[in-house]
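Observations on the three-dimensional arrangement
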Amino acid sequence: MNTNLSKKKKIFLLVDFLMIILLVLLDQFTKYLAVIHLEDKPAIKIIDGVLELNFLKNSGAAFGLLQNQKVFFILVAVMILCIIAYVLFRMPDDKKYNIMHILLVMIASGAAGNMIDRVRNDYVVDFIYFVIINFPIFNVADIYVTVSTFLFVILFLFYYKENDFNFLSFNQQKKFREK
């Protein structure tokens, strides 16, 4: 495998890494504020009957699934981060992939932000609650993952073509080494 990265590729990867750090810091800061201002206090109504800030220690996944499965969630997060790192490293530095860089960085940031909570606290700090639809309480990291995954699926279905992902093919790498 060719390990020589172009200057442009190195810049892309550096920006990706810095954006992950920035987004994780933003997520962790909002969770810190939630702990300071919301823990053991009544909910703060942002829009009465619609949106409120409500502190929750979540030791499971959305909808209360898989409670107290810390090791499982950490392993899944590490696996997601490794896959995203691999994809970002292999991704061509073509303009066509700029949006994919952003979406993968946001998914990685969300996975890392919630993983930090699980390692440090044994739970994830959630605090955003849509009362109007009784949606599970969530956090900024969850927004990163959910919105980015939704947009990624849309792009995968309507923008990218199957051969746009050839850079991930092991057969492609084998062919490259044989040259």
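Residues numbered from 1 in each chain as written. Predicted model: local features only at pLDDT ≥ 70, side-chain atom pairs only at ≥ 80, totals over all residues. Heavy atoms only, no water.

Describing the packing of helix α1 (residues 7–38) against helix α4 (residues 140–158)
In the contact formed by α1 and α4, the axes pass within 8 Å of each other and the chain directions differ by 135 degrees. The orientation of α1 relative to α4 falls into the category oblique. Along its contact with α1, which presents Leu23, Leu26, Asp27, Thr30 and Lys31, the element α4 presents Val140, Ala141 and Tyr144. Its residues assigned to classes, the contact of α1 with α4 shows 5 nonpolar, 1 polar and 2 charged. (Axes fitted to C-alpha atoms, helices over the stretch in contact; angles between N-to-C directions. Helix = DSSP H or I, 4+ residues; strand = E, 2+ residues; numbered from the N terminus. Parallel < 35°, antiparallel > 145°, perpendicular 65-115°, else oblique. Contact = heavy atoms within 4.5 Å. Nonpolar A, V, L, I, M, F, W, Y, C, P; charged D, E, K, R; others polar.)

Focus on the pairing of strand β2 (residues 51–58)
Pairing geometry for strand β1 (residues 44–47) and β2, over 3 bridges, is antiparallel. Note that in β2 the partner of Ile44 across the bridge is Leu53. Between β1 and β2, which pair antiparallel and follow one another directly, the connecting turn spans 3 residues, one of which, Gly49, has a positive phi of 80 degrees. The pairing of β2 with strand β3 (residues 124–130) spans 6 bridges and is antiparallel. Considered in β3, the bridge of Leu51 is made with Phe130. (Pairing = 2+ DSSP bridges.)

Here we look at a nonpolar patch on the surface
Side chains of Ile143, Val147, Phe150, Leu151, Val153, Ile154, Phe156, Leu157 and Phe158 sit close together on the surface and give an oily, nonpolar patch of about 870 Å² of accessible area. Secondary-structure assignment places Leu151 in helix α4. Judged by its relative accessible area of 39%, Leu151 is partly exposed. (Patch = residues over 30% accessible without salt bridge, like charges linked within 9 Å, V, L, I, M, F, W, Y side chains within 5 Å. Areas by Shrake-Rupley, 256 points an atom, 1.4 Å probe, with all protein chains shown as cover. Salt bridge = Lys/Arg side-chain N within 4 Å of Asp/Glu carboxyl O. Buried < 20%, exposed > 50% of the residue type's maximum accessible area, 1.4 Å probe, protein only.)

Things to note about the nonpolar core
Formed by 30 residues in total, the largest nonpolar core has its most connected members in Met91, Met100, Leu104 and Phe127. Secondary structure elements with two or more residues in this core: α1, β2, α2 (70–90), α3 (98–121), β3 and α4. When sequence neighbours within four positions are dropped, the list of residues in contact with Met100 reads Met91, Phe152, Tyr160 and Phe165. (Core = buried A, V, L, I, M, F, W, Y, C linked by side-chain atoms within 4.5 Å.)

Overview of the side chain of Asp16
Considering the arrangement of structural elements, one finds Asp16 in helix α1. Among buried charged residues, Asp16 stands out as having no salt bridge; its nearest opposite-charge side chain is Lys9, 6.6 Å away. In this structure, Asp16 is in contact with Leu88, His101 and Val105, ignoring residues within four places of it in sequence. (Lys, Arg positive; Asp, Glu negative; His and termini not counted.)

A short note on α3
Relative to the 34 Å expected for 24 residues at 1.5 Å per residue, α3 spans 35 Å between its end C-alpha atoms, a close match to the ideal helical length. Immediately downstream of α3, the backbone of Asp122 shows phi near 70 degrees, a positive value. (Expected span 1.5 Å × (residues − 1).)

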